[in-house]
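Examination of the molecular architecture
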Amino acid sequence: MRRPHLPARLPLDPYILALLATVGLAALLPARGPAATAADLASTAAVALLFFLYGARLSTREAVDGLRHWRLHLTVLACTFVLFPLLGLAARGLVPGLLTAPLYGGLLFLCLVPSTVQSSIAFTSIARGNVPAAICAGSFSSLAGIVLTPLLAAALLGGDAGGFSPDSLLKITLQLLLPFLLGQALRPWVGGFLVRHKQLLGYVDRGSILLVVYAAFSAGVVAGIWHQVSLPRLAALMLVEAVLLAVMLLATWYGAARLGFGRADRIAIQFAGSKKSLAAGLPMASVLFGAHAALAVLPLMLFHQMQLMVCAVIARRRAQDPVPELTADRVADVSPAPERPAPRAR
């Protein structure tokens, strides 16, 4: 029996390095005056473009086909938009002992963000789980998050995220919902182009998010909000996020077993239900938090890298699990048919 071993090198996402470099650039050369206005307008346009592309890429047929596994998808959605927010609300007791109020607001926002798609699929595939279910679950979570994340943030974060003011709801509609619906409407005409230029559009996605990060952190540097964060507070935040990730990984794995899911489905539920999307969370934070978006997205950036490193280890260990034994019925189904005797030569 092979002993499980840790990977030789924990994955450090190159995109995280690019994000950190963008934060450093904003700290050294923040946008001020007319440059800040231009960066804010460019960031607004980038967010609208991102959600237009999200809508144009989502295949309606794939979404409808995925509804056949509705129990799994409801489980992932409950983990993402019910269990995660409840844990975030419970963390309110850590203020002001471990976390400051702004860092807690970012932590709670992290708990409201939808699940990832790409990394959930990749880790599910490595662990030999139900990849089609991971694809649909991640897609459904992203779609639901476009509506649920802003509404939950407005309800739970209150004034920190703008509340239910007409201005905040108008920004959500114009920058998030309207571009997404427009992308869905134009998908029959632009879907083929997006498929043919998938790699190029990936650079557009990531470049747009880098622009959003630069504008948000520039506003934070100019406003002087970084004086509110100390190294001990950052260490406490990382400890809280490590506990949060561990609780979700255990809850999704053993909770799925209690609900009667098989091994392949449990793997998909664990990876799709315990992760949070940096790509979806960053533009949403820029819309919901405005000038305070820098501190709001800091917990999400830290959690994103943490989840990649931990889930990479888990996926590799799951890949070494022995294949479940076949039942008698399944053996009969997969056993080859008896060979016919060769005809005698005349």
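Bear in mind the structure is a predicted one, so any value in this text is a computation, not a measurement.

When helices and strands are counted, the protein chain shows 14 helices and 0 strands. Here the protein chain holds 346 residues, and 45% of them are scored as buried. Long-range pairs, those at least 24 residues apart, make up 86% of the contacts in the protein chain with a sequence separation of at least 6. Split by element, the accessible area of the protein chain, about 18,000 Å² in all, is 67% carbon and sulfur.

With that settled, the discussion passes to the side chain of Asp265. Looking at the secondary structure, you find Asp265 in helix α11 (residues 263–273). With sequence-adjacent residues up to four places away left out, Asp265 is seen in contact with His69, Leu72 and Asn130.

It is worth spelling out helix α2 (residues 34–57) at this point. Residues that lie three or four places apart on an α-helix share one face, since the helix turns once every 3.6 residues. Look at α2: 35 Å from first C-alpha to last across 24 residues, which is about the 34 Å you get at 1.5 Å a residue. Taken together, the buried positions of α2 are occupied by Ala39, Ser43, Ala46, Val47, Leu50, Phe51, Phe52, Leu53, Gly55 and Ala56.

So, on to unusual backbone geometry. In the segment running from Val95 into Pro96, the intervening peptide bond is cis, with an omega of 5 degrees. Along the chain, the position of Pro96 falls in the loop between α4 (70–90) and α5 (101–112). The phi angle at Arg128 is positive, at roughly 65 degrees, despite the residue not being glycine. Looking at the element boundaries, Arg128 is found in the loop between α6 (118–126) and α7 (131–157).

Here we take up the packing of α4 against α7. Each pair of packed helices can be described by the angle between their axes along with the distance between the axes. Contact geometry of α4 with α7 gives a least axis separation of 9 Å together with a crossing angle of 35 degrees. For the pair α4 and α7, the crossing hand works out as right-handed. Counted together, Leu72, His73, Val76, Leu77, Thr80, Phe81, Pro85 and Leu89 of α4 and Ala133, Cys136, Ala137, Phe140, Ser141, Ala144, Gly145, Leu148, Thr149, Leu152 and Leu156 of α7 form the full contact between these two elements. Residues that form the contact of α4 with α7 fall into these classes: 14 nonpolar, 5 polar and no charged.

On the surface, a cluster of nonpolar side chains totalling about 320 Å² of accessible area is made up of Val82, Leu86, Leu89 and Leu156. In this fold, Leu89 is placed in helix α4. Residue class for Leu89 comes out partly exposed when judged on its relative accessible area of 36%.

Helix length check: helix α12 (residues 278–289), at 12 residues, gives a terminal C-alpha distance of 16 Å against a target of 16 Å (1.5 Å per residue), a fit within 8%. Most of α12 is tucked away: 11 of the 12 residues are buried. Every buried residue of α12 is accounted for by Leu278, Ala280, Gly281, Leu282, Pro283, Met284, Ala285, Ser286, Val287, Leu288 and Phe289. Sitting at the amino-terminal end of α12 is Ser277, which places a side-chain oxygen 3.1 Å from the backbone nitrogen of Ala280. Just past α12, the residue Gly290 takes up positive phi, approximately 60 degrees.

Glancing now at the environment of Val82. For Val82, the location among the structural elements is in helix α4. Take Val82: its relative accessible area is 45%, and that puts it in the partly exposed class. Along the chain, Val82 and Cys111 lie 29 residues apart, while their C-alpha atoms are 9.1 Å from each other.

Tallied over the full model, the rule gives 2 aromatic pairs. Relative to Phe271, the ring of Phe123 lies with its centre 5.8 Å away and its plane at 40 degrees, an arrangement referred to as tilted. Pair noted here: Phe123 is in helix α6 and Phe271 is in helix α11, with a separation of 148 residues, a long-range link. Looking at Arg318, its charged tip hangs above the ring of Trp253, at a distance of 3.7 Å from the centre.

A separate point is the environment of Leu151. Checked against the element boundaries, Leu151 lands in helix α7. Between the C-alpha atoms of Leu151 and Leu112, which are 39 residues apart in sequence, the distance is 9.5 Å.

This next bit is on the confidence of the model for the protein chain. Within the protein chain, residue pLDDT values average 79, and 80% of them lie at 70 or more. Between residues 1–8, whose pLDDT stays under 50, and residues either more than four places distant or in other chains, the model counts 7 contacts. Note on residues 325–340: pLDDT is under 50 here. Beyond four places in sequence and across chains, it has 2 contacts.

For the pair helix α1 (residues 14–28) and helix α13 (residues 293–319), interaxial distance at closest approach is 11 Å and the crossing angle is 155 degrees. Classified by the angle between their axes, α1 and α13 sit roughly antiparallel to one another. Considering how the two elements wind past one another, α1 and α13 form a crossing that is left-handed. Here Ile16, Leu19 and Val23 of α1 come into contact with α13, specifically with Met301, His304 and Gln305. When its residues are assigned to classes, the contact of α1 with α13 shows 4 nonpolar, 2 polar and no charged.

Definitions and limits used
In this numbering scheme, every chain counts its residues from 1 along its sequence in written order. Residue-level local features of this predicted model are given only where pLDDT is at least 70; pairs of side-chain atoms are given and counted only at 80 or more, and the full residue set underlies all totals for whole chains, interfaces and linings. Side-chain metrics in this entry use all non-hydrogen atoms of the structure; hydrogen atoms and water are not considered. Numbering of helices and strands runs from the N terminus, with a helix taken as a DSSP run of H or I at least four residues long and a strand as a DSSP run of E at least two residues long. Only protein chains enter the calculation, and the probe is 1.4 Å; a residue is then buried if its accessible area is under 20% of its type maximum, exposed if over 50%, and partly exposed in between. The contact rule is simple, with two residues in contact once any of their heavy atoms fall within 4.5 Å. The protein chains shown are the only cover counted for residues, whose accessible areas, like all others here, come from Shrake-Rupley with a 1.4 Å probe. Expected span, for any helix, means 1.5 Å times one less than how many residues it has. A fitted line through C-alpha atoms represents every axis, and for helices the fit uses only the stretch in contact; the resulting angles, taken between N-to-C directions, go from 0 to 180 degrees. Should the near helix be turned counterclockwise from the far one by less than a right angle, the crossing is left-handed, whereas a clockwise turn marks it as right-handed. Here the nonpolar group is Ala, Val, Leu, Ile, Met, Phe, Trp, Tyr, Cys and Pro; Asp, Glu, Lys and Arg are the charged ones; every other residue, Gly included, is treated as polar. Exposure above 30% relative accessible area and the absence of a salt bridge qualify a residue for a patch, where like charges join within 9 Å and nonpolar side chains (Val, Leu, Ile, Met, Phe, Trp, Tyr) within 5 Å. Here, a salt bridge means any side-chain nitrogen of Lys or Arg that lies within 4 Å of a carboxyl oxygen of Asp or Glu. Here a polar contact is taken to be a pair of N or O atoms separated by no more than 3.5 Å, where protein atoms must pair a possible hydrogen donor with a possible acceptor and residues adjacent in sequence count only if both atoms sit in side chains. Side-chain rings of Phe, Tyr and Trp (the six-membered ring for Trp) are treated as a pair once their centres are within 6.5 Å; stacked means planes under 30 degrees apart, edge-to-face means over 60, and tilted covers the remaining angles. Two conditions define a charge sitting above a ring: the NZ of Lys or the CZ of Arg must be within 6 Å of the ring centre, and it must be within 35 degrees of the ring normal. Per residue, pLDDT measures the predictor's confidence, with a range of 0 to 100. Any angle that falls under 35 degrees is termed roughly parallel, while one over 145 is termed roughly antiparallel, one within 65 to 115 roughly perpendicular, and all others oblique.

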